Number of protein chains: 2
Amino acid sequence: MRWRYILNTVGVLILFFGGTMVVPLSFDLYAMDRSLMPLIKAMGITLVCGIILIALFRHEKTDTMSQREGMAIVSIGWTVIGLFGALPFYFSDASVIFVDAIFESVSGFTTTGSSILTNIEGLSPGLLVWRSFIQWLGGMGIIVLSIAILPFLGVGGMQLYKAEVPSPVPDKLKPRIRDTAMILWKVYALFTVAETLLLMIGGMSFFDALNHALTTMPTGGFSTKNASVAHFDSVYIDVVITVFMLLAGINFSLHYQLLKGRPLAFWKDSECRFYLAMCLILTLVVTANLYRTVYADPGQALRYAAFQVVSIVTTTGYATADYELWPGMSQIIIFLCMFVGASAGSTGGGMKCLRIMLGLKYCYKELFTMIHPRSVSHIKIGGKTVTEDVVRSVLGFLALYMALFALSTLLLAGTGVDFVTALGAVAATIGNIGPGFGMVGPVDNFAQIPYWGKWLLSWCMLLGRLEIYTLIIVVVPEFWRK
Amino acid sequence: MRWRYILNTVGVLILFFGGTMVVPLSFDLYAMDRSLMPLIKAMGITLVCGIILIALFRHEKTDTMSQREGMAIVSIGWTVIGLFGALPFYFSDASVIFVDAIFESVSGFTTTGSSILTNIEGLSPGLLVWRSFIQWLGGMGIIVLSIAILPFLGVGGMQLYKAEVPSPVPDKLKPRIRDTAMILWKVYALFTVAETLLLMIGGMSFFDALNHALTTMPTGGFSTKNASVAHFDSVYIDVVITVFMLLAGINFSLHYQLLKGRPLAFWKDSECRFYLAMCLILTLVVTANLYRTVYADPGQALRYAAFQVVSIVTTTGYATADYELWPGMSQIIIFLCMFVGASAGSTGGGMKCLRIMLGLKYCYKELFTMIHPRSVSHIKIGGKTVTEDVVRSVLGFLALYMALFALSTLLLAGTGVDFVTALGAVAATIGNIGPGFGMVGPVDNFAQIPYWGKWLLSWCMLLGRLEIYTLIIVVVPEFWRK
């Protein structure tokens with residue numbers, strides 16, 4: 001463990017991050033908004049802290065990074081950036097207490113989209129952009145993390161993707177990260193620009209269109225409106241956002257392949273087929289459930305069902321309807337979707353379709369082995385055999401996810417919230433969704449969660465975002481030894 | 001697959017089962033109750049059907065039984081007996097429809113304790129005894145199943161117990177089942193007699209004491225009173241029942257060892273330590289949570305907390321308090337307890353402490369392997385290394401349990417019940433608990449569940465009781481081939 005190296009890298013991250021605050025600042029300047037000070041103060045503190053860290057922990061350039069160092073940098077980096085990202089909220093006149101600022105910032109960087117702000121439309125343009133922008137940055141981080149870093153650290157079965165990443169230098173982690181990142185970020189940026197334009201065509205202002213594009217692509221879900229996407233009440237806008245949410249939930253290396261001229265990339269990937277089929281089937285079931293019980297018109301039922309199912313499966317969290325008023329079956333589908341999540345290698349959260357598929361295949365294999373005890377069978381994904389240790393690591397991930405879900409629900413209920421809210425809030429944060437159930441439903445927010453509950457949920461968001469293992473391993477004392 | 005043999009064995013089971021209807025009949029005779037007819041009709045039909053089956057499918061005596069045949073007999077036997085057990089309810093003047101009678105009977109045999117009867121105290125003595133008696137018979141079945149049959153069929157990691165069963169003839173299944181069964185049933189009967197006497201000392205009538213003893217030992221939870229155990233409102237009775245519920249949740253081979261003169265049997269078993277420690281800790285947490293929020297007196301808080309936590313962890317399901325009026329944290333604890341369940345080899349349901357322990361150890365091992373990739377570590381339970389295939393089969397069980405829980409919740413919600421009821425009712429039936437949440441809370445019952453929901457929940461009860469695999473494997477077409 002090279003501590004100087006780790007802290008130096010974190011310092012560089014913070015410095016870079018401080019620099020990005022120029023973006024929201026420019027929006028406040030353009031709008032001639034009086035409230036420049038929060039952003040200027042936050043930027044100053046962030047830049048100074050970054051410079052101090054770099055100066056204190058000088059380290060020669062290196063092209064190697066051990067597995068442990070990688071995990072430490074990811075976990076510490078993400079947490080620290082969550083803290084600095086809170087400064088603009090804390091200094092603003094939205095009069096939030098410290099934990100609220102942290103919650104909002106972590107919710108942004110983890111692309112969760114849960115909010116403690118009760119009057120979003122009262123924020124300055126700069127702060128609104130800041131909220132969206134940290135989600136967009138978080139999404140960039142996630143793409144790199146899930147496609148270029150975690151597969152090599154062997155986290156939760158992500159090794160499966162090793163082969164599918166464009167890899168110029170196979171055995172060196174750092175150059176690979178850089179090159180892969182540049183390619184995928186271009187795809188990410190392209191989609192963001194395309195969505196902004198399409199939303200503007202639909203009648204959104206440039207400001208609203210940009211902000212929604214910035215939070216759709218990372219499956220974040222922060223909106224510039226109190227009523228979320230329901231504010232615009234436009235079928236066209238609903239359709240555009242639904243399509244881009246769907247795209248954001250697909251493995252970004254498939255987008256890369258598609259743009260490289262392989263039109264069947266989506267179809268050839270078994271996870272992508274599973275994901276798209278699931279979205280389609282659940283949308284149809286919810287539509288059937290809503291028709292005549294909530295909406296008299298089947299078109300309306302389809303519109304709201306599709307948007308809400310895709311919004312939750314992709315873990316975006318925008319709302320066009322209050323699903324807490326829907327019949328029990330639709331509510332249960334929404335709740336279960338919070339656990340499933342989108343594809344691995346996308347910006348979505350949750351357990352990921354790939355792991356669910358592997359888990360189901362594993363169950364089937366176990367049944368088959370009981371019937372034919374002497375048969376030797378292997379689990380295959382997309383025609384390729386999955387190795388034993390990947391299967392074990394996926395099952396461990398699923399078990400750990402459920403165990404931590406249960407524990408966090410218990411602790412959250414201990415802060416005084418009710419049964420449904422506890423289940424809903426933890427499912428929504430550990431899965432990086434946004435809205436939950438009960439007190440934190442799609443038309444409510446997290447402001448009423450007790451003080452310690454907000455800390456707990458911030459931790460849940462980080463836990464989910466860093467694929468459980470990466471964060472929890474840093475907490476095991478054994479990790480730091482020797 | 002020797003079909004004649006399977007159907008012959010099922011016929012013997014039905015015949016034996018018809019014979020046991022003499023027990024409730026004698027209570028109706030003694031009470032000179034007019035309502036003898038339901039039981040006489042049911043007994044007649046059952047006996048005749050048993051005789052027909054045996055006569056149609058004659059089969060020479062055999063001492064061997066294949067794994068598949070074992071599973072087929074268990075699954076078919078349990079289901080068929082559930083059907084015949086419904087006859088007395090169906091013929092009675094409790095005016096239940098057919099599915100209700102099935103639900104009540106399956107709930108009895110699977111020792112679940114969920115009821116669709118709204119006025120229990122209005123039943124004839126014979127029917128009341130029938131309800132308790134089928135739970136007691138179900139418990140006997142479970143002990144044999146979980147200690148003498150499933151370990152040899154390799155179901156869900158139960159192989160772990162192979163070594164701990166007294167085994168006179170190691171390689172023949174049938175003699176072993178018979179001998180083990182006789183020993184463990186003596187223990188079971190002994191506890192039942194002891195509890196009856198202790199409850200009578202506390203002021204219960206012989207009839208009530210016997211009925212409650214008959215439903216405590218199988219962790220069933222049917223009561224002769226509408227208000228369940230709360231009806232008696234006696235600290236002494238609460239304590240006696242709590243102790244016997246705790247005992248019923250312990251592996252019966254440990255009771256056997258204890259009675260054989262090994263006083264430290266409980267302490268030496270790591271699952272038993274886990275189970276008792278969990279009951280203690282959760283009781284204390286719930287007590288702290290109830291004190292001042294629900295009960296002003298700490299003694300009262302402890303009394304109701306202990307009873308309800310033990311009742312749910314052991315999957316008995318008696319009620320002395322309406323936990324739906326408790327604070328969120330206590331409710332979440334009760335809900336999570338429904339999944340954990342009691343010890344393997346006890347009459348309790350749920351996932352079982354042993355599997356939860358193994359799952360947690362597995363997660364820890366995975367984390368350890370990430371830190372020290374080259375280390376070789378094994379999972380140990382009670383000092384003994386657990387083999388890879390047991391670990392795999394336990395993880396498969398946990399994954400299948402959660403997957404079927406999710407699916408059943410979805411389907412139940414599809415019949416029209418609300419979010420909380422769907423979660424609560426499925427958790428309570430698949431775990432063989434009894435009361436759930438929402439519409440089926442501890443002071444409500446399952447009468448209001450829609451028609452198809454009752455079928456679904458009856459299936460869930462069987463699924464949970466037969467350790468998932470045994471029942472689900474019969475549904476896989478592959479099982480019947482060749």
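Residues numbered from 1 in each chain as written. Chains lettered and ligands numbered in written order. Predicted model: local features only at pLDDT ≥ 70, side-chain atom pairs only at ≥ 80, totals over all residues. Heavy atoms only, no water.

**Q** Is there a simple way to think about the pattern of salt bridges in this case?
**A** Working definition: two side chains of opposite charge can pair if their charged atoms are close together. Residues and elements named next belong to chain A. As enumerated under the stated definition, the model contains 18 salt bridges over all chains in all. In this structure, Lys 225 and Asp 208 form a salt bridge, with 3.7 Å as the shortest nitrogen-oxygen distance. Remark: Asp 208 occurs in helix H9 (residues 206–216) and Lys 225 occurs in the loop between H9 and helix H10 (235–248); sequence separation between them is 17 residues. A residue is classified by how much of its surface remains accessible, and Asp 208, at 10% relative accessible area, is buried. The partner of Arg 303 in a salt bridge is Asp 238, with the nearest N and O atoms 2.7 Å apart. Taken together, the residues span a long stretch of sequence, with Arg 303 in helix H14 (residues 298–313) and Asp 238 in helix H10 at a distance of 65 residues. Side by side, Arg 303 and Asp 238 carry an identical accessibility label, which is buried. Taken together, the salt bridges that share partners define one network made up of Asp 233, Asp 238 and Arg 303. (Salt bridge = Lys/Arg side-chain N within 4 Å of Asp/Glu carboxyl O. Helix = DSSP H or I, 4+ residues; strand = E, 2+ residues; numbered from the N terminus. Buried < 20%, exposed > 50% of the residue type's maximum accessible area, 1.4 Å probe, protein only.)

**Q** Would you mind going over the interface of chain B and chain A with me for this structure?
**A** With 50 residues of chain B at the contact, the number on the chain A side is 50 residues. Taken together, the two surfaces of chain B and chain A that pack against each other cover about 4,400 Å², and 78% of this comes from carbon and sulfur. For chain B, the biggest contributors to the area lost against chain A are Met 370, Ile 371 and Phe 419 of chain B; these three give 17% of the whole. Inspection of the region where chain B meets chain A yields two salt bridges. The partner of Arg 392 of chain B in a salt bridge is Glu 366 of chain A, and the shortest N-O contact between them spans 3.2 Å. Taken together, the connections running from chain B to chain A amount to six residue pairs in polar contact (both at pLDDT 80 or more). At the level of elements, helix H4 (67–85), helix H15 (328–340), helix H16 (353–371), helix H17 (388–414), helix H18 (419–430) and helix H20 (469–475) of chain B are the ones that each hand at least two residues to the side of chain B that touches chain A. Counting residues per element, the side of chain B that touches chain A draws most heavily on H17 of chain B, which supplies 14 residues. Considered class by class, the residues forming the side of chain B that touches chain A number 34 nonpolar, nine polar and seven charged. (Contact = heavy atoms within 4.5 Å. Buried area = accessible area lost by both parts, 1.4 Å probe. Polar contact = N/O pair within 3.5 Å; in protein donor to acceptor, adjacent residues only side chain to side chain. Nonpolar A, V, L, I, M, F, W, Y, C, P; charged D, E, K, R; others polar.)

**Q** What is the right way to look at the confidence of the model for chain A in this model?
**A** Any residue range with low pLDDT should be treated as having predicted coordinates unsuitable for detailed reading. Residue and element names in this part refer to chain A. Taken as a whole, chain A shows an average pLDDT of 89; of its residues, 94% reach a score of 70 or greater. In the predicted structure, residues 163–173 sits below a pLDDT of 50 and forms 19 contacts with residues beyond four places in sequence or in another chain. Listed scores for the predicted complex are pTM 0.93 and ipTM 0.92. (pLDDT = per-residue confidence, 0-100.)

**Q** Just to check I follow, could you spell out the relation of the copies chain B and chain A for this structure?
**A** Each of the two chain copies can be brought onto the other by rotation about an axis and movement along it. Expressed as a screw operation, the relation of chain B to chain A combines 0.0 Å of axial shift with a rotation of 180°, fitting to an RMSD of 0.0 Å. Seen this way, the second copy is the image of the first under a two-fold rotation axis. Comparing interface residues between copies, 100% of those in chain B also lie at the interface in chain A; the contact surface is shared. (Least-squares fit on C-alpha atoms with pLDDT ≥ 70 in both.)

**Q** Explanation requested: the packing of H18 of chain B against helix H19 (residues 451–465) of chain B in the structure shown.
**A** Residues and elements named next belong to chain B. Where H18 contacts H19, the axes come no closer than 7 Å and their chain directions differ by 40°. In terms of their interaxial angle, H18 and H19 are classed as oblique. Touching Ala 425, Val 426, Thr 429 and Ile 430 of H18 are Leu 457, Cys 460, Met 461, Leu 463 and Gly 464, all from H19. Residues belonging to the contact of H18 with H19 are distributed by class as follows: seven nonpolar, two polar and no charged. (Axes fitted to C-alpha atoms, helices over the stretch in contact; angles between N-to-C directions. Parallel < 35°, antiparallel > 145°, perpendicular 65-115°, else oblique.)

**Q** Just to check I follow, could you spell out the side chain of Ser 330 of chain B for this structure?
**A** All names here are of chain B. Along the chain, Ser 330 turns up in helix H15. At 2.6 Å, the side chain of Ser 330 forms a polar contact with the side chain of Asn 289. Discounting chain neighbours no more than four positions away, the residues touching Ser 330 are Val 286, Asn 289 and Leu 290.

**Q** What exactly am I supposed to notice about the packing of helix H14 (residues 298–313) of chain B against H15 of chain B here?
**A** Angle between the axes and distance between the axes are the two parameters that describe a pair of packed helices. All names here are of chain B. Interaxial distance between H14 and H15 falls to 8 Å at its minimum, and their mutual angle equals 30°. One way to sum up the angle between H14 and H15 is to call them roughly parallel. Seen from H14, the contacting residues are Gln 308, Ile 312 and Val 313; seen from H15, they are Ile 334, Cys 337 and Met 338. Partitioning the contact of H14 with H15 into residue classes produces five nonpolar, one polar and no charged.

**Q** Sorry, what's going on with helix H15 (residues 328–340) of chain A here?
**A** Residue and element names in this part refer to chain A. With 13 residues, H15 should cover 18 Å at 1.5 Å per step; its first-to-last C-alpha distance of 19 Å lies within 8% of that length. For H15, the tally of buried residues reaches 12 of 13 residues, placing the bulk of the element in the interior. Those residues of H15 that sit buried are Gly 328, Met 329, Ser 330, Gln 331, Ile 332, Ile 333, Ile 334, Phe 335, Cys 337, Met 338, Phe 339 and Val 340. Once H15 finishes, Gly 341 follows within two positions and takes phi at roughly 75°, a positive value. (Expected span 1.5 Å × (residues − 1).)

**Q** Would you explain the side chain of Gln 135 of chain A in this entry?
**A** Looking at where Gln 135 of chain A falls in the secondary structure, it is placed in helix H7 (residues 125–153). Exposure remark for Gln 135 of chain A: the relative accessible area of 0% places this residue in the buried category.

**Q** Just to check I follow, could you spell out unusual backbone geometry for this structure?
**A** Most peptide bonds adopt trans geometry, and most residues besides glycine take a negative phi value. Despite not being glycine, Ser 228 of chain A shows a phi value in the positive range, around 60°. With respect to the helices and strands, Ser 228 of chain A occurs in the loop between H9 and H10. A relative accessible area of 10% means that Ser 228 of chain A is categorised as buried. A positive phi angle, close to 50°, is found at Thr 219 of chain B, a residue other than glycine. Position of Thr 219 of chain B relative to the elements: it lies in the loop between helix H9 (206–216) and helix H10 (235–248).

**Q** Help me understand the state of the cysteines, please; the structure alone is not making it clear to me.
**A** Note: disulfide means a covalent bond formed between the sulfur atoms of two cysteine side chains. Scanning the model with the defined rule gives zero disulfides over all chains in all. Note on Cys 353 of chain A: no disulfide assigned, nearest cysteine sulfur contributed by Cys 279 of chain A at a separation of 7.2 Å. (Disulfide = S-S within 2.5 Å.)

**Q** How do you make sense of the environment of Ala 181 of chain A when you look at a structure like this?
**A** Residues and elements named next belong to chain A. Secondary-structure assignment places Ala 181 in helix H8 (residues 173–201). Look at Ala 181 and you get buried, because its relative accessible area is 6%. When the C-alpha positions of Ala 181 and Arg 68 are compared, they lie 21 Å apart, and in sequence the two are 113 residues distant.

**Q** What's the story with a negative patch on the surface in this structure? I'm lost.
**A** Taken together, the side chains of Glu 388 and Asp 389 of chain A together with Glu 388 and Asp 389 of chain B define an acidic patch exposed on the protein surface. Looking at the negative patch, the elements with two or more residues in it are helix H17 (388–414) of chain A together with H17 of chain B. Relative to the helices and strands, Glu 388 of chain A is located in helix H17. Its relative accessible area of 42% is what places Glu 388 of chain A among the partly exposed residues. (Patch = residues over 30% accessible without salt bridge, like charges linked within 9 Å, V, L, I, M, F, W, Y side chains within 5 Å. Areas by Shrake-Rupley, 256 points an atom, 1.4 Å probe, with all protein chains shown as cover. Lys, Arg positive; Asp, Glu negative; His and termini not counted. Charge placed at Lys NZ, Arg CZ, Asp CG, Glu CD.)

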